[in-house]
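One letter stands for each residue in the lines below.
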Amino acid sequence: VALGCAHSFSEVLLRLGKRQRDTFMSAIILGGRSPEPNERRGFILVLDFLLDAFKNDFVPYLRAAFPVMLAAILPEPDDPAYRACDAVIQRFGAACPELLLPGM
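Residues numbered from 1 in each chain as written. Predicted model: local features only at pLDDT ≥ 70, side-chain atom pairs only at ≥ 80, totals over all residues. Heavy atoms only, no water.

1. A few points about the packing of helix H2 (residues 18–31) against helix H3 (residues 37–54)
How we decide: Note on geometry: axes are C-alpha line fits, over the in-contact stretch for helices, and angles between N-to-C directions span 0 to 180 degrees. Strands here mean DSSP runs of E at least two residues long; helices mean DSSP runs of H or I at least four residues long; both are numbered from the N terminus. In this scheme, roughly parallel covers angles under 35 degrees and roughly antiparallel covers those over 145, while 65 to 115 is roughly perpendicular and the rest are oblique. Two helices crossing with the near one rotated counterclockwise from the far one by less than a right angle form a left-handed crossing, whereas a clockwise rotation gives a right-handed crossing. Contacts: residue pairs with any heavy atoms within 4.5 Å of one another.
At a minimum axis distance of 8 Å, the contact between H2 and H3 shows a crossing angle of 135°. In terms of orientation, H2 lies oblique with respect to H3. Where H2 crosses over H3, the two elements pack in a sense that is left-handed. Contact with H2, carried on its side by Arg21, Met25, Ala27, Ile28, Ile29 and Gly31, involves Glu39, Arg40, Phe43, Val46, Leu47, Leu50 and Phe54 of H3 and no other residues of that element.

Dropping the structure here:
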């Protein structure tokens, strides 16, 4: 259920205007810092799907989102934060390392 919701929500955000998207992205990134593990996991799942949906339009959010993803990594199989970080590095590591390095 969580995967389906995260995927659907990412598709809705993709179709919103930039100003509305920015408001939601701030809330999603903040939610990725939640002390509640299930809540944090849900927001990280959304970020993972947003990477795929937004493609290069995710670049403006990298500086804020990447440290949140890194901090959420757990030593579990199929950890969504690990998947999201891996996707960020694969997609943007060579193109904009200056946006990723401060988060490390």
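2. A word on the nonpolar core
The cut-off we apply is this: Note on terminology: a nonpolar core comprises buried Ala, Val, Leu, Ile, Met, Phe, Trp, Tyr and Cys residues joined through side-chain atoms within 4.5 Å. Partly exposed residues are those whose accessible area sits between 20% and 50% of the maximum for their type, while under 20% is buried and over 50% is exposed, using a 1.4 Å probe and protein chains only.
In this structure, Leu47, Leu50, Phe58 and Met69 are the most contacted members of the largest nonpolar core, which totals 29 residues. When residues of this core are traced back to their parent elements, those giving at least two are helix H1 (2–15), H2, H3, helix H4 (59–71), helix H5 (80–92) and helix H6 (97–100). Top contributing element to this core by residue count: H3, with eight residues.

3. Description of H3
This is how the line gets drawn: Working rule for helices: expected span equals 1.5 Å times residues minus one.
Counted at 1.5 Å a residue, the expected span for H3 with its 18 residues is 26 Å, and the 25 Å between its end C-alpha atoms agrees. At the exit of H3 stands lysine 55, carrying a positive phi of roughly 55°.

4. Quick notes on unusual backbone geometry
Phi is positive for lysine 55, close to 55°, though the residue is something other than glycine. Position of lysine 55 among the secondary structure elements: in the loop between H3 and H4. A relative accessible area of 47% places lysine 55 in the partly exposed class. Despite not being glycine, aspartate 78 has its phi angle at roughly 60°, a positive value. For aspartate 78, the position within the fold is in the loop between H4 and H5.

5. So, the packing of H3 against H4
Counted only if it meets this: Under the convention adopted here, Pro, Cys and the residues Ala, Val, Leu, Ile, Met, Phe, Trp and Tyr are nonpolar, Asp, Glu, Lys and Arg are charged, and Gly plus all remaining residues are polar.
Running from N to C, H3 and H4 point in directions that differ by 140°, and their axes come no closer than 11 Å. Relative to H4, the element H3 is oriented oblique. The chirality of how H3 crosses H4 is left-handed. Contacts between H3 and H4 involve Ile44, Leu47, Leu51 and Phe54 from the first element and Tyr61, Ala65, Val68 and Met69 from the second. Its residues assigned to classes, the contact of H3 with H4 shows eight nonpolar, no polar and no charged.

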